[in-house]
Amino acid sequence: MNQLIIGITGGIGSGKTAVSNRFQALGITIADADLAARAVVQPGSKLLSDIAAKFGQNILTDTGELNRPKLRGIIFADNDARRFLERATHGPIMDQLRSELATATSPYAMLVLSAGTGRNPLINRMLVVDAPIELQQSRVLARDGSTLETINQIIDAQPARHERLALADDIIENIGSEQALDDKVAALHQFYLDLNHHD
Ligand code: ATP
C-alpha cells in the first residue's frame, strides 16, 4: 500500500475530532482506531467469543455485548489478562483498519489514533493536534460535564504533551476560534495534496 496515510493524535480535548471532521468535510477518508477496536468485538464476532471463552460468559452484558468497564477492571489488575487481550485484538483491529483505508478513494487518508501510544505501522506521517492543558480541561468540562479530577486523571494517564509533539511531522496548534481551525485545516489539506502529488 503506497497510499499516503496521515495519523491524527492529540490529548483529550485537544480537538482531534474537530480536526478530523473538517478533513472529512473536505472529502478525506477517515478511519478511527477506537471505532475499529469496538467493531471487531461486535456480538457474533469470533473475537468476542474468544474473549468470552477466556474470561467467562459474564464478561458479556445481558444483550450479548462486551462489558468494557468490567474487562477494563480485569486487565487493570492482571497483566497476563492484559497481554492476552492485546495479542487477541491486535490482528483483527489492524485488519479492520487496513481494509477501511484500502477502500479509500480520497487522494490521501487519515487514521485517528487515541492519545498517541507510539507509531502505528499503517501511517507514514503523524499530525499532532495540540492545545495547552488549561484549554484541554475547559473544553472537556464544557463538552461532557466530567469533573476536573476525572479529566486530570485522563491527562496524566496519556503520554505527556512533549512526548506527543516529539512524534509529530505536522502540528495543528488548536488554540483559536473555529474559523482559525478551518483555515489551518485547509492549509494543511493543500500541503498534503501537494505532498501526495510530488511523491
Ligand atoms: P477526545 O480525546 O476527548 O475525543 P478530541 O481531541 O477529539 O477529544 P474534540 O472533541 O474535537 O477533542 O474537542 C473538544 C471540545 O472542544 C469539543 O466540544 C469541540 O467542539 C471543542 N473545540 C475544539 N476545537 C475548538 C476550537 N478551535 N474552538 C472552539 N471549540 C473547539
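You'll find the structure just up there.
Just so it is clear, the structure is predicted and the values come from calculations on it, not from any experiment. (Residues numbered from 1 in each chain as written. Predicted model: local features only at pLDDT ≥ 70, side-chain atom pairs only at ≥ 80, totals over all residues. Heavy atoms only, no water.)

### What to know about the pattern of salt bridges
Working step 1: The tally for this structure, following the rule as stated, stands at 9 salt bridges.
Working step 2: In this structure, the salt-bridge partner of Glu86 is Arg82, at a minimum N-O distance of 3.4 Å. Note that Glu86 and Arg82 are positioned in helix H5 (residues 79–102) at a spacing of 4 residues, about one turn of the helix.
Working step 3: On the accessibility criterion, Glu86 (44% relative accessible area) is partly exposed.
Working step 4: Using a relative accessible area of 28% as the deciding quantity, one classes Arg82 as partly exposed.
Working step 5: A network of salt bridges, in which partner residues are shared, links Arg22, Glu178 and Asp182. (Salt bridge = Lys/Arg side-chain N within 4 Å of Asp/Glu carboxyl O. Helix = DSSP H or I, 4+ residues; strand = E, 2+ residues; numbered from the N terminus. Buried < 20%, exposed > 50% of the residue type's maximum accessible area, 1.4 Å probe, protein only.)

### A short note on the site of the ligand
Working step 1: Near the ligand you find 14 residues, and of these Lys16, Thr17, Ala18, Arg143 and Asn174 are the closest.
Working step 2: Lys16 is positioned with one of its side-chain polar atoms (N or O) 2.7 Å from an oxygen atom of the ligand.
Working step 3: Between an oxygen atom of the ligand and a side-chain N or O atom of Thr17, the distance comes to 2.6 Å.
Working step 4: If the ligand stood free it would expose 630 Å²; the protein chains cover 73% of that surface. (Near = heavy atom within 4 Å. Polar contact = N/O pair within 3.5 Å; in protein donor to acceptor, adjacent residues only side chain to side chain. Areas by Shrake-Rupley, 256 points an atom, 1.4 Å probe, with all protein chains shown as cover.)

### Some points on the sheet that holds strand S4 (residues 125–130)
Working step 1: With parallel pairing, 5 strands are arranged side by side in an open sheet as S2-S3-S1-S4-S5. The open sheet has two free edges, formed respectively by strand S2 (29–32) and strand S5 (170–173), since each of these has just one partner strand. The sheet shows a mean angle of 25 degrees between the axes of neighbouring strands, direction not considered.
Working step 2: As paired elements, S4 and S5 share 4 bridges and run parallel to each other. Considered in S5, the bridge of Leu127 is made with Asp170.
Working step 3: Helix-sheet contacts for H5 involve strand S1 (5–9), S2 and strand S3 (109–112), and the interaxial angle to S2 is about 175 degrees. (Pairing = 2+ DSSP bridges. Axes fitted to C-alpha atoms, helices over the stretch in contact; angles between N-to-C directions. Contact = heavy atoms within 4.5 Å.)

### Remarks on the packing of helix H3 (residues 46–55) against H5
Working step 1: Orientation of H3 relative to H5, taken along the N-to-C sense of each, is 170 degrees, at an axis distance of 11 Å. Between H3 and H5, the interaxial angle falls into the category roughly antiparallel. Only Ala81, Phe84, Leu85, Ala88, Thr89 and Pro92 of H5 make contact with H3, whose side of the interface consists of Leu47, Asp50, Ile51, Lys54 and Phe55.
Working step 2: Class assignment for the residues of the contact of H3 with H5 results in 8 nonpolar, 1 polar and 2 charged. (Parallel < 35°, antiparallel > 145°, perpendicular 65-115°, else oblique. Nonpolar A, V, L, I, M, F, W, Y, C, P; charged D, E, K, R; others polar.)

### What about the pairing of S3?
Working step 1: The alternating pattern of S3 places Ala109 and Leu111 on one face and Met110 and Val112 on the opposite face, and all of these are buried.
Working step 2: Pairing between S1 and S3: 4 bridges, direction parallel. Across the sheet, the residue bridging to Gly7 is Leu111, located in S3.
Working step 3: Examined bridge by bridge, S2 and S3 share 4 bridges and lie parallel to one another. Bridge assignment links Ala31 to a residue of S3, and that residue is Leu111.

### Some details on the environment of Asp130
Working step 1: With respect to the helices and strands, the residue Asp130 is situated in strand S4.
Working step 2: For the pair formed by Asp130 and Gly13, sequence separation is 117 residues and the distance between their alpha carbons is 9.3 Å.
Working step 3: With sequence-adjacent residues up to four places away left out, Asp130 is seen in contact with Arg161, Leu165, Ile171, Ile172, Glu173 and Asn174.

### What to know about the packing of aromatic side chains
Any aromatic ring pair is given by two values, namely how distant the centres are and how the planes are angled relative to each other.
Working step 1: Counted under the stated rule, the structure contains 5 aromatic pairs.
Working step 2: Summarising the aromatic geometry, the rings of Phe23 and Tyr108 are spaced 6.5 Å apart at their centres and angled 80 degrees between planes, so their arrangement reads as edge-to-face. In this pair, Phe23 sits in helix H1 (residues 16–25) while Tyr108 sits in the loop between H5 and S3, placing the two residues 85 residues apart along the sequence. Accessibility assignment for this pair places Phe23 and Tyr108 in one class, buried.
Working step 3: Judged by centre distance (5.8 Å) and plane angle (75 degrees), the rings of Phe55 and Phe84 are edge-to-face. Of this pair, Phe55 sits in helix H3 while Phe84 sits in helix H5, and the two are 29 residues apart along the sequence.
Working step 4: Of the residues examined, Phe55 reaches a relative accessible area of 16% and is grouped as buried.
Working step 5: With relative accessibility at 23%, the residue Phe84 sits in the partly exposed group.
Working step 6: The rings of Phe23, Tyr108, Phe191 and Tyr192 are connected pair by pair, giving a single aromatic cluster. (Phe/Tyr/Trp six-rings, centres within 6.5 Å; stacked < 30°, edge-to-face > 60°.)

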